[in-house]
Structure formats: structure tokens, C-alpha cells
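Listed below are the residues making up each chain.
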Amino acid sequence: MSDRPGLEHVQVTVNGKLFERDVEPRLHLGDFLRHELKLTGTHIGCEHGVCGACTVIFNDAPVRSCLMFAGQANGARITTVEGLARADGQLHPVQEAFRNRHALQCGFCTPGMLMTIVAFLSESPTADEVDIRDAISGNICRCTGYETIVDAALDAGRVLRGEA
Amino acid sequence: MGARYFGAEVRRVEDPKLITGQGHYLDDLQIPGVLHAAFVRSSHAHARIRAIDTSGASKMAGVIAVLTAADFGEQGGKMMPHMVPVAAVKQPLNYQPLADREVCHVGVPIAVVIAESRSIAEDAAAIVDVDFELLPAIIDWRKALDPDAPRAHSGAPDNLVAGLHGRFGAVEDVFAKAPHVFAETFETHRGGCHSMECRGVAAALAPFGGELNVWSSTQAPHMVRRLIAEHLGRDEQTVRVIAPDVGGGFGPKCSLYPEEIVIPLAAIKLQRSVKWVEDRTEHFLSTTQQRDQAWELEVAADNSGRLLGVRGRCVHDNGAYVPYGLVAAVTSLSAFPGPYALEAVDVKVDVVFTNLVPNTPVRGAGRPTACFVLERLADRVARELSLDPADVRRRSFVRKEQFPYSTGMKARDGSPVSYDSGDYHACLEAVLERGGSDFLERQKIALDRRRYLGRGIASYIEDTGLAPFEGATVRVQPSGKIVIQTGAASQGQGHATIFSQICADAVGVTIEDIVVEAGDTGTFPLGIGAIASRTAVTAGSSVHQASVAVRDKAIKVASEILEAAEADLVLEDGVVRVAGSDAQVTLGQLAFRLNGMSGIPMFSGIKPGLEATAFYEARKSTFASGTHLAEVEVDVETGRVEIRRYVVGHDCGRLINPMLVDGQVRGGVVHGIGNALFERMIHDENGQPVTTNYADYLLPTAPEVPRIEIIHFESASPLNPIGVKGAGEGGTIPAAACIISAIENAIAPFNVRLTEHPISPARLRQLIKAATISGETAPIAREEAIMACSIGVKRTV
Ligand code: FES
Ligand code: FES
């Protein structure tokens, strides 16, 4: 609980940095990241848990930040798209593959896609096309038709396995 | 000028920021002290507003103001200006920024709450009390012209928005003499745009001088500026509209919306910055859609299956207002005669009001549905005459040697429609070849195992590069970096990349030396909008022309400085060199010199600045074309359709960046897959939207979507200096027609004719069941039925 009436105290590590805030209990995690922490890379596409644009990695698992209250993140470790590249700017293999494969157009679904795929490949680096299509079935992209996203994920899988 | 970048698969310059979360979409803009808006919207499809009680909401803590039309005087209540005012619109009815008299669809804005946070604004909006007097609503567009139909707007003489008519040739004669005439009715539906970023508007007053800054997630910032200025009675000079990074557009973000007037009005009234971001529910309710058409058509064909003529009528649901002219309906009409050299066409389109959200173009505009009916008619002819559907196309296409081909139709400006270039036959054959010759065999084997495979094709043309222009300035800075400024906004297409490619080649620099500024009325004076697959043609050509002019100027000035003949100079990698010597000058040095120094005169006859502005003017459209082929499997027990293969033959003239064109095509096809199988915006009989989330309204997701195999043809357009045509919508246009054709072919044993889209599993099951019960499926007829409409079976007629 926060000392301030009606608010909740949240202590959360995002992209390796510790943040503490007092928030309204109804604030969802997506809005918390975007508006409280100004990490606007996480996007809000539907706020009802279907589009996947708001996906972040929450204690190693991909979650929809629109379906979770900020208060529930107390004590958690979160990675957002801003935290994917290394501190020296080197892109994560999935980011690199997205650029090489033209896996984004407007880029609005992209952070959610990236986080979903990064989490998925770290569990299943040998995933094939069917697995990947299944893994991103909860992420809607209106621009690309998905094929290049799948190709990027396959490429990144090879890199992560040390094959490319 | 070497082509180092033009035609190459250059990685996008837009991507680095977008893959690292550094994009700036509307809701990411950090505007100091900004207030948040939430709208009170009509909960009824048609009602009179008796009273609006804002007292409770106004008292809530954190609420700054609750505003209705009355708070903005004349500007709140008057009708908004039209984006494309056209004389054909009989009743040019548009929104008020905030309705205070009558609401004509669910979702019309009535009041706006401005508060310290969005959640407070929404809480307050929920307790604004609107007293409605319900009025009868017209929801079924098919009945909109019945004499006793409820009027979408009370007091209107009828529900007719406009009657359009396209006609050429001796129609009666052609139909009277044709050996075969077949009649068919169709119903088509497109759905919403569903850009992953919803709409949004923010407005702020500049601290000194009162310039109004508006950020809008729009496809057409200059149009928005023009209309805001017009509505607010301001000089355009005092309004700046910026489209930041935009998360997809697909057509509906080109319309002007009430929120784009209300948010600036509120900012001015309160002298505070105000932001509104549409949520997904509002998107379903208030962002324009492209819904229904009902067609009654006849096709005439000769004995060989050559198509001779099409005639009939379409009723087009316009929705409640006409914010954007008649573009959706007009593009359905002007899509005739498609890729076919018809002798006669006579098609009427009645555009009718309903009490539903307005119908404006969604990717492809009216073309996909027109393509659907034309292609279904071509398939019908094949079926009736037991022909290979490909043969009907072969015999009916405009032939390569006929270009430029005048179709007989008239363009929007009244000039004759002329197809500039193409090779429809070659494209068709290439697609069939890629599709493989073993399909019939596989289909038969599958059928023996009670599995239903089908294959369909669909061909199309698309008018692209719509008039009048987009302009561009190319400016070399003293640093040597080039900035390209253009009015053409972007929503993910990769315009900055293709403009950079064009400019880098034409000037002689590397792509890293170029930045693109677009979509800001403050940096480029004029612009039309990223619609109608027009940006590569219009802005691309302007970038090319301006770049060539910059290069010419650089060479000219360098020849003075280096005292060498222009013919001896080479401009490469940003440096002008004298061939065979060490003498050189960089573009940056030239720009520095041309930007002027006090007391030092310019070179005689040379204007200041190493820059040029060009406005390539598109007088006629360029026509892209193509053929798609789909292979599907239908589970006749469940109605489920699996797309097993999808091949695209695509001709958009010269390719600036094949990787980006492929992206446009794939995304377009998948949108068309949605239109074929999934996307239907449903309203109940009272006009209440029923499908208002992504559980009820289905978009294609990765598992349902096949790989899209693409074969490019490059019939250069003779109409612009870079030979290009548009690529943004061609993927979508024939996709629904193609998939439905394949499904019909798969279930040919049941003798079902498919004349609608989208088709859900339940609907398909229903059609199959109805056919089975009516006993039309004699097992013996199966094979013949399949043979009769399978593609790739060569027969001589
Ligand atoms: S915004 Fe969270 S799933 Fe769509
Ligand atoms: S890139 Fe635009 S929604 Fe995926």
C-alpha cells in the first residue's frame, strides 16, 4: 500500500532500472509503462487483450500489459522494447532480423511482436515456421501479412542457436 | 546517373527507431501540461437531442470543462467542411463537430470532457446525460430507396446521396446479339481499416503569436489544415498540422473527423494543450468503414467465352454522412471494365444514406468489390460454357499491343480512361505456370478421399498515382547532408526509404547522407494525401525531378569554381570531381557557397541555395495490374477454409525497392483474405454495432495466412519520369475474388454458386447443406462439375 490514500505503491525493475511510483489501483501496466515511466515503445492497440501490441516480458514470460494492473507488477522484473538492445546500442538478433527481413511497416505492432518472439525463442530456439506462427497468433499486424515476421523469427532463431 | 539504389532491396531508413521503441506516434508525444479529452457519443443510430446535462460531470474533481456545441458558438454547431466537394452529391450532409440537434449513427460525438487525466475524462463522460428522442432509423441499405423507408436525416426528401452512371458502347445491341447472357446478384462487404494505431488528435497553441499546432494521426495533414482553417475561419498560415509517426492508415485516416475540429476548438477555448486518443471501441464506432454493396448484373459473352459487356446496378451503403465525397462508390464504378476489352458497359450505382458510420475508402476503395463481381461473372461464363476460367480471361483481356488502351469509360475529370501499359496475358500465364500443372490430378485424388481442394484465379487493374500532385524540395546543406521535404505523409509504407533511393541515385550521394521530412504543413506548403496508391508516382517523381535539378545546379556551379567544362565533371558520393585531375569540390562546399555570404555576390545567373522544388503533376492515372491464384481446401463438415497456396503476379511498373513492394503486396493480400473469410462489421436492426472487439470482429492472424509467392512484371509507365505505378492496394483488390473462386471450385461437387463475401464457416456450411438437401449433388456429376470450372485444363472451344 502507498502512504497516499487510495494509491498503491509499486516497485518494479524495468530494463534493469528500479522504479518506484504510487499509482491508482485501476492503472494498467501498459499505461503505467507509457505514461508514468515514459517508456512509450510499448503500444496500446486494443486494451482488451487480443492485439498483442502491448506485450512485454514479465519475469521471463510474455504478458499483455493492458490486461494487468500496475499494482500487480510490484516486485517484478520487466523488459520492454526499449531494453532489448544492448547498452552499447547493439541490436538484439530479433531486432536485427526484423530490419533485414522488412518485418515491419508502420511499426505499431512491432514492439509487441518483438517481445513475443524474443520470449518465445528463448524457450524454443529451434522453433519452426508452424511453431512461430502459433506463437504470434495473439499478435495482430495489419501491415505485413506476417510472412516476413515469421522469416525474421526463423533467422533470429538460427542466430541464437549459433548457426548464423 | 547510375542506378545504385533504385531497384535494389535497400533496408528501410525508418526502421532503426521503430524497432527500438523510439518512434513517435501520436500518444507518445510529450506535450507539456497537456489535458486529456474523452467524448460523449450517441448511443442511438438516429435520435433527436432534446437536452444535454453536463452538470454532474462538470463538478467532478479533475474535470476542467465539459463542452458541447453551444460552448463553441457558431463553430460548434455548423456543418463541417467537405474534403472533396462534388456536385454529384445531392445532399451533402456532414457532421457538426459536436451534434446538438440530431445524431445519425451510433458514435456521433455530442460532448467532450477535458480533464487532467484520460481516466477522469472517461468517468465524467459516462455521467453526461443526453436526453434523446428516438427517430426511426434506416439500417438495411437495400431498402433505403423504398418510398416509405425511414429517412436517415429527418426532413430529407429521400435517402439518395447520389446516382452514378458509367456507360459506353452500344449496350442494348451488344446484349441483344450476344449468344450468351447470364444474370447474377452479389452482396459484398469490406469492414473497417483496423490500423493497429487508432486515430488521435492533439492541439496546442504556440506560446507567442497564437499559431495553432495540431498533431493528427492522419494520412493527409494538408487537407486537415485546410479544413480546420476553413471551419475555424483562420488563415492557413496560422494553423500547422503535423502527422507524426502513424501506425497504419489504410484509407479511413484520410477522412476529416469531428475530433479534428473539436480538439483544436477546445485548446483555443481553454488556452491549454489538449489531446485525444481514440480507443478501440471508438474505432469500431466512429472511424469510417467500407461496408455493403448489393449488385444486380448481367454479363454478355460470345461462344468462345469472350466477355462482351456488363450491365446492371449497385446499391451502395454510404452511411450517415458524406465527409469524403463519393470516392468509395466512384472507384467501384470506375473499376469497370477491369482488365477486359469489353464492347459495352452500363452500370448504375445508387449511393444511399443509412444510419450507420460513413462509408469511405478502405484499402482498395471501391475496387475490390467491383473486381469481385467482374471476376465472379467471368467465372460464371466459364462455368456455363464449360470452359477453363483462364481461357475466359485469355480471350477477354486487353492485349499488350493495344496499349495505351482507351476503355470507353470517363475519368473523374471527364477525360477518357486510358490504360498506360501492361501485359495481362504474360502475368496470367506466369501465375498459372507457378501454380503448377498437377492441380487437377491432386484435386481428383483428394476428392476420392473426400477432401475438397479448389483453385481460383482473379485478375485486376488498378488506377494509381491519382491527380493532381505531391511536391518535394531537395536541399543540400553546408554539412553535405541532403534534406528532402515533401507534403506526402507516411503510415508505414517506407516512403522515406524510396525517396532517399531516388534522390541518392539522381544527385550522386549515398543514402546515409539523406534525411526525409514529411507530413508537416510547417515544412512543405502543399500536399494532397497518402491515398489511392499515389505517393511513389507523384512524390517519387517530384523527388526525382528536384534531385536532377539539384545535380544540374551543382555541376554548373562546380564548373565555375573548378574552371572546368561541365562535361568533364563527375558527381559521385557527394563530391564533384574533374575527370582526370585532383580538382574537386564537395556538395557541402557548394551549398555553403550558394547559401551566400555577406558582401560576396552570387554567380551570375545562379539563384541562391543548392536546392530545388518540383511538383510532378499527375494528369492521368497509371494502371497497375495483376492476376492472383489461390489454392484452398474446404472442410465441408465444418465450413473451414484453409488457404494452401497463394500466388501473385503483380505489375506496378518499375520497382523502386522490390522488398518494399513485396511488403505492400503481402499486406494487401492478407487484408483481402480478411475480406474473403473473416471481417464483417455487424449492426443489429436498430443500428447498434454488434462486433466491437477483436473477439467478435476477426482479423487474419499468422496461422491462417499462407506464404504469398510473388512474381513481378515491370511494365514501365510512360506517364512519369521514373516509370512507376502505385503498389499500395493491388494486393487487396483481387484477393477476395480469388479466394471465393477457389472455394467455389473446391465445393463444385455440391453445385454451390458463391456470390458474396466474406463467407464464414457457418455460412459456407449452410450453403453446402442447402445444396445437399436440394439433392443437386448427384455423385456422377461431381467430376464433371469440377472439370467444368477448374483452371489450367486446356481445351479447344
Ligand atoms: S493492447 Fe493489449 S492486447 Fe491489445
Ligand atoms: S507493421 Fe503495422 S501493424 Fe504491424
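Note that the structure is predicted; figures quoted are calculated from it, not measured. In this numbering scheme, every chain counts its residues from 1 along its sequence in written order. Ligands are numbered from 1 and chains lettered from A, in the order in which they are written. For this predicted model, a pLDDT threshold of at least 70 governs which residues receive local features, and a threshold of 80 or more governs which side-chain atom pairs are given and counted, while totals over whole chains, interfaces and linings are taken from all residues. To obtain the side-chain values, all non-hydrogen atoms of the structure were included, while hydrogens and water were left out.

**Topic: the overall build of chain A**
Here a helix means four or more residues in a row that DSSP labels H or I, a strand means two or more in a row labelled E, and each is numbered from the N terminus. The number of helices and strands found in chain A is five helices and five strands. Ordered by position from N to C terminus, the α and β elements of chain A give β-β-α-β-β-β-α-α-α-α. Over its C-alpha atoms, taken along the principal directions, chain A stretches across nearly 55 × 30 × 25 Å. Note on exposure labels: buried denotes an accessible area under 20% of the residue type's maximum, exposed denotes more than 50%, and partly exposed covers the range between, all computed with a 1.4 Å probe on protein chains only. Looking at the 164 residues of chain A, the share that counts as buried comes to 57%.

**Focus: helix α17 (residues 658-678) of chain B**
The end-to-end C-alpha distance of α17(B), which contains 21 residues, comes to 29 Å, matching closely the 30 Å that a straight helix rising 1.5 Å per residue would cover. With 20 of 21 residues buried, α17(B) lies mostly within the body of the structure. Given the number of residues in a helix, its expected span is that number minus one, multiplied by 1.5 Å.

**A look at the interface of chain A and chain B**
With 47 residues of chain A in contact, the opposing surface of chain B contributes 52 residues. What counts as buried area is the accessible surface, traced by a 1.4 Å probe, that two parts surrender upon association, with contributions from both included. Summed over both partners, the interface of chain A with chain B comes to about 4100 Å²; 53% of that surface belongs to carbon and sulfur atoms. The salt bridge criterion pairs a side-chain nitrogen of Lys or Arg with a carboxyl oxygen of Asp or Glu, the two atoms within 4 Å. Remark: the boundary between chain A and chain B carries nine salt bridges. Residue D123(B) pairs with R26(A) through a salt bridge whose shortest N-O separation is 2.8 Å. Any N or O atom pair separated by 3.5 Å or less is treated as a polar contact, with the protein-specific requirement of one donor-capable and one acceptor-capable atom, and with residues adjacent in sequence counted only for side-chain atom pairs. For the interface between chain A and chain B, the tally reads 27 residue pairs in polar contact (both at pLDDT 80 or more). For the side of chain A that touches chain B, the elements supplying multiple residues, two or more each, are α1 (29-36), α2 (93-100), α3 (110-123), α4 (129-135) and α5 (147-160) of chain A. We call two residues in contact when some of their heavy atoms are within 4.5 Å.

**Here we look at the environment of V548(B)**
Residues and elements named next belong to chain B. Assignment of secondary structure puts V548 in helix α15 (residues 535-561). Since its relative accessible area comes to 28%, V548 is described here as partly exposed. Distance in space between the C-alpha atoms of V548 and G508 is 9.6 Å, their sequence separation being 40 residues.

**Re the domain arrangement of chain B**
Residue and element names in this part refer to chain B. Each domain's limits were defined by an automated method or a database of domain assignments. On domain assignment, one finds that chain B holds domain 1 (15-20 + 468-617), domain 2 (31-135 + 196-248 + 253-286) and domain 3 (365-462 + 622-789). Look at where the C-alpha atoms of domain 2 and domain 3 centre, and you get two points 39 Å apart. With both chains or domains summed, domain 2 and domain 3 bury close to 680 Å², and 68% of this area falls on carbon and sulfur atoms. Joining domain 2 to domain 3, the criterion identifies zero salt bridges. The tally of links between domain 2 and domain 3 comes to two residue pairs in polar contact (both at pLDDT 80 or more). Among the residues making up the side of domain 2 that touches domain 3, the classes are represented as five nonpolar, two polar and one charged. Three classes are used: nonpolar for Ala, Val, Leu, Ile, Met, Phe, Trp, Tyr, Cys and Pro, charged for Asp, Glu, Lys and Arg, and polar for all others, with Gly counted as polar.

**Examining the packing of aromatic side chains**
Residues and elements named next belong to chain B. In summary, the pairing rule links any two rings of Phe, Tyr or Trp, Trp by its six-membered ring, whose centres are within 6.5 Å, and it sorts them by plane angle into stacked for under 30 degrees, edge-to-face for over 60 and tilted for everything else. Scanning all chains against the criterion turns up 15 aromatic pairs over all chains. Centre to centre, the rings of Y340 and F397 are 5.7 Å apart; their planes meet at 15°, and the pair counts as stacked. Of this pair, Y340 sits in the loop between α9 (327-333) and β15 (344-353) while F397 sits in the loop between α11 (389-396) and β16 (405-410), placing them 57 residues apart in sequence. Taken as a pair, Y340 and F397 share a single burial class, namely buried. Cluster of aromatic residues (ring-pair linked, three or more members): Y340, F397, F403 and Y424. In this scheme, Lys NZ or Arg CZ marks a charge over a ring once it lies within 6 Å of the ring centre and within 35 degrees of the ring normal. If you follow R311 out to its NZ or CZ, it ends over the ring of F175, 4.1 Å from the centre.

**Overview of the sheet that holds strand β10 (residues 212-216) of chain B**
Residue and element names in this part refer to chain B. Criterion used throughout: strands pair if DSSP finds at least two bridges between them. Within the open sheet, the seven strands sit side by side as β3-β5-β1-β12-β9-β10-β11. Their pairing is mixed. At either margin of the open sheet sits one strand with a lone partner, and together these are β3 (63-68) and β11 (239-242). On average, each strand axis in the sheet is tilted by 20° relative to the strand beside it, whichever way the strands run. Bridging between strand β1 (residues 35-41) and strand β5 (residues 109-115) involves six bridges; their strand directions are antiparallel. Counted as the bridge partner of F39 is V112 from β5. Angular values range over 0 to 180 degrees, each being the angle between N-to-C directions of two axes fitted as lines to C-alpha atoms, with helices fitted over their stretch in contact.

**Quick notes on the environment of Q293(B)**
Residue and element names in this part refer to chain B. Its place among the elements puts Q293 in strand β13 (residues 290-301). Taking the relative accessible area as the measure of exposure, Q293 reaches 2% and is therefore buried. In the structure, Q293 is positioned 56 residues away from V349 in sequence and 9.4 Å away in space, judged by C-alpha atoms. Once residues lying within four places of it in the same chain are set aside, the contact partners of Q293 are W141, F186, E187, T188, C314, V315, H316, S332 and T369. A distance of 3.2 Å separates the side chain of Q293 from the side chain of W295, its partner in a polar contact. A polar side-chain atom of Q293 sits 2.6 Å from a polar atom in the side chain of T369.

**Section: the side chain of N159(B)**
Residues and elements named next belong to chain B. Tracing the sequence through the fold places N159 in the loop between β6 (129-134) and β7 (160-168). On the basis of relative accessibility, which here comes to 1%, the residue N159 falls in the buried class. For N159, the side chain forms a polar contact with the main-chain oxygen of P150, separated by 2.9 Å. Those residues in contact with N159, other than ones at most four positions away along the chain, are I138, A144, L145, A149, P150, R151, A152, V351, V352 and F353.

**Remarks on the environment of S304(B)**
Residue and element names in this part refer to chain B. By secondary structure assignment, the location of S304 is in the loop between β13 and β14 (307-319). Classification of S304 as partly exposed rests on a relative accessible area of 26%. The spatial distance from the C-alpha of S304 to the C-alpha of V381 is 9.9 Å, given a sequence separation of 77 residues. Reaching out from S304, the side chain makes a polar contact with the backbone nitrogen of R306 at a distance of 3.4 Å.

**Examining the nonpolar core**
The biggest cluster of nonpolar side chains holds 161 residues, and the ones touching the most others in it are F98(A), F336(B), Y646(B) and I743(B). Excluding anything up to four places from it in sequence, F98(A) contacts A103(A), L104(A), T110(A), M113(A), L114(A), I117(A), I149(A), A152(A) and I19(B). By size, the runner-up hydrophobic cluster in this structure holds 65 residues, among which are A57(B), L67(B), F132(B) and V274(B). Grouping buried Ala, Val, Leu, Ile, Met, Phe, Trp, Tyr and Cys residues that are joined through side-chain atoms within 4.5 Å yields what is termed a nonpolar core.

**A closer look at the domain arrangement of chain A**
Interfaces are often described in size by the accessible area the parts lose on coming together. All names here are of chain A. Split into domains, chain A comes out as domain 1 (8-83) and domain 2 (93-160). Centre-to-centre, using C-alpha coordinates, domain 1 lies 21 Å away from domain 2. Counting residues at the interface gives 17 residues for domain 1 and 13 residues for domain 2. Interface area, domain 1 with domain 2, both sides summed: about 1100 Å², of which 66% is carbon and sulfur. Three residues stand out in domain 1 for area buried against domain 2, namely H43, I57 and V81, and they jointly supply 38% of the buried area on that side. Linking domain 1 with domain 2 are zero salt bridges, by the criterion used here. For the interface between domain 1 and domain 2, the tally reads four residue pairs in polar contact (both at pLDDT 80 or more).

**Focus on the pattern of salt bridges**
All names here are of chain B. The full count for this structure, using the stated rule, is 75 salt bridges over all chains. A salt bridge links K725 to D420, with the shortest nitrogen-to-oxygen separation between them at 3.7 Å. Residue K725 is found in the loop between β28 (708-713) and α18 (735-746), and its partner D420 is found in the loop between β17 (416-419) and α12 (424-435); the two are separated by 305 residues along the sequence. Relative accessible area serves as the criterion here: at 2%, K725 is assigned to the buried category. In this structure D420 comes out as buried when scored by relative accessible area, which is 6%. Because the salt bridges share partners, they merge into one network encompassing R41, R118, E122, R199, E259, E278, D279 and E282.

**Quick look at the sheet that holds strand β19 (residues 469-476) of chain B**
All names here are of chain B. Strands sit in the order β21-β20-β19-β25 across an open sheet of four strands; the sheet is mixed. A strand with exactly one partner marks an edge of an open sheet, and here the two such strands are β21 (514-518) and β25 (611-617). Mean inter-strand twist for the sheet, computed between neighbouring axes without regard to direction, equals 20°. Across seven bridges, the pairing between β19 and β25 is antiparallel. Looking at the pairing, F469 lines up with E617 of β25.

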